[in-house]
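# Structural overview for review
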Amino acid sequence: APARPPTEATGEGAGAAAGGDASPAAEADHEEDLDLLLGEGGGVRAASPARLIELLVHPSRFDHRFCSALLLTYRSFFTPAELIRELTGRCSLPTALEGREGAGEGAALQPVRLMVCNVLQKWVRHYLRDDEMTPELLEALHSFVDGPLAESEQTRALSALLKRAVAKRTVRRRSGPRAGRS
């Protein structure tokens, strides 16, 4: 099998796949990497849904084209409720803290929360269909906005923007698709 390029998620190369001796830790890293296939240019060719979400909200490697492509196609592997659950779940995962030693948990999660909020805002504004705006979905969005995003000054501003985007969509849904347009 050809060696794959290193990934930011594991920091490991192909290791055992290239025929080298691998420690149990390196083998575990390689096993984790089996849910990601990168193309020649380093772009994602295939990945598990969980890995797609991880890459989508990774603070140091945000890619607008990847974000748009994922938000256009997410219905192939997530319902809207599952997408929200996966995105908001990233804000509390220990893996979101990797490489941030010495910082408190809230400070370490801050960049991930900002990314999640930005992705949710883009999704609500441009990709979520009106018929998908269920009361359960709205409750999940409000719980996230009033919960983890309300914890710091940085995320409160984004929280307000996300709340406005949700409110705008909710009003538009209630009054019909042509309301507010001239």
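Residues numbered from 1 in each chain as written. Predicted model: local features only at pLDDT ≥ 70, side-chain atom pairs only at ≥ 80, totals over all residues. Heavy atoms only, no water.

Now for the confidence of the model for the chain. Chain-level statistics for the chain give a pLDDT mean of 73 and a share of 66% at 70 or above. Taken together, the stretch residues 1-31 has pLDDT below 50 and engages in 31 contacts with residues farther than four places along the chain or on a different chain. A low-confidence stretch, residues 95-103 stays under pLDDT 50, and its non-local contacts, those more than four residues away or across chains, total 13 contacts. (pLDDT = per-residue confidence, 0-100. Contact = heavy atoms within 4.5 Å.)

Next up on the list: the packing of aromatic side chains. By the definition in use, this model includes 2 aromatic pairs. Geometrically, the ring pair formed by Tyr74 and Trp123 is edge-to-face, given 5.9 Å between the ring centres and 80 degrees between the ring planes. With a gap of 49 residues between them, Tyr74 in the loop between α3 (64-73) and α4 (80-89) and Trp123 in helix α5 (residues 105-127) connect regions that are remote in the sequence. You'll find Tyr74 and Trp123 in the same group, each marked buried. For the pair Phe77 and Phe78, a centre-to-centre distance of 5.4 Å together with 70 degrees between the ring planes defines the contact as edge-to-face. Since its relative accessible area comes to 29%, Phe77 is described here as partly exposed. Among the residues examined, Phe78 registers a relative accessible area of 8% and is labelled buried. (Phe/Tyr/Trp six-rings, centres within 6.5 Å; stacked < 30°, edge-to-face > 60°. Helix = DSSP H or I, 4+ residues; strand = E, 2+ residues; numbered from the N terminus. Buried < 20%, exposed > 50% of the residue type's maximum accessible area, 1.4 Å probe, protein only.)

Put simply, α4 and helix α6 (residues 135-146) touch, their axes get as near as 10 Å, and they point 10 degrees apart. In terms of their interaxial angle, α4 and α6 are classed as roughly parallel. Viewed along their axes, α4 and α6 form a crossing whose handedness is left-handed. Of the residues in α6, those in contact with Pro80, Ala81, Ile84 and Thr88 of α4 are Leu137, Ala140, Leu141 and Phe144. In terms of residue class, the contact of α4 with α6 is made up of 7 nonpolar, 1 polar and no charged. (Axes fitted to C-alpha atoms, helices over the stretch in contact; angles between N-to-C directions. Parallel < 35°, antiparallel > 145°, perpendicular 65-115°, else oblique. Left-handed = near helix turned anticlockwise from the far one by under 90°. Nonpolar A, V, L, I, M, F, W, Y, C, P; charged D, E, K, R; others polar.)

Right, let's get into the pattern of salt bridges. Tallied over the full model, the rule gives 5 salt bridges. The partner of Arg75 in a salt bridge is Glu132, with the nearest N and O atoms 2.7 Å apart. On the criterion of sequence distance, the pair formed by Arg75 in the loop between α3 and α4 and Glu132 in the loop between α5 and α6 is long-range, its members being 57 residues apart. According to the relative accessible area criterion, Arg75 is partly exposed, its value standing at 32%. With a shortest N-O distance of 3.0 Å, Lys163 and Asp146 are connected by a salt bridge. (Salt bridge = Lys/Arg side-chain N within 4 Å of Asp/Glu carboxyl O.)

Here we come to the pairing of strand β2 (residues 44-47). Looking along a regular strand, one sees the side chains alternate between the two faces of the sheet. Two strands pair when backbone bridges link them, and strand β1 (residues 36-38) and β2 are joined in this way by 3 bridges, in the antiparallel orientation. Residue pairing across strands places Leu38 opposite Val44, the latter belonging to β2. With antiparallel pairing between neighbouring strands as the criterion, β1 and β2 make up a hairpin whose turn holds 5 residues, including Gly42 at a positive phi of roughly 90 degrees. (Pairing = 2+ DSSP bridges.)

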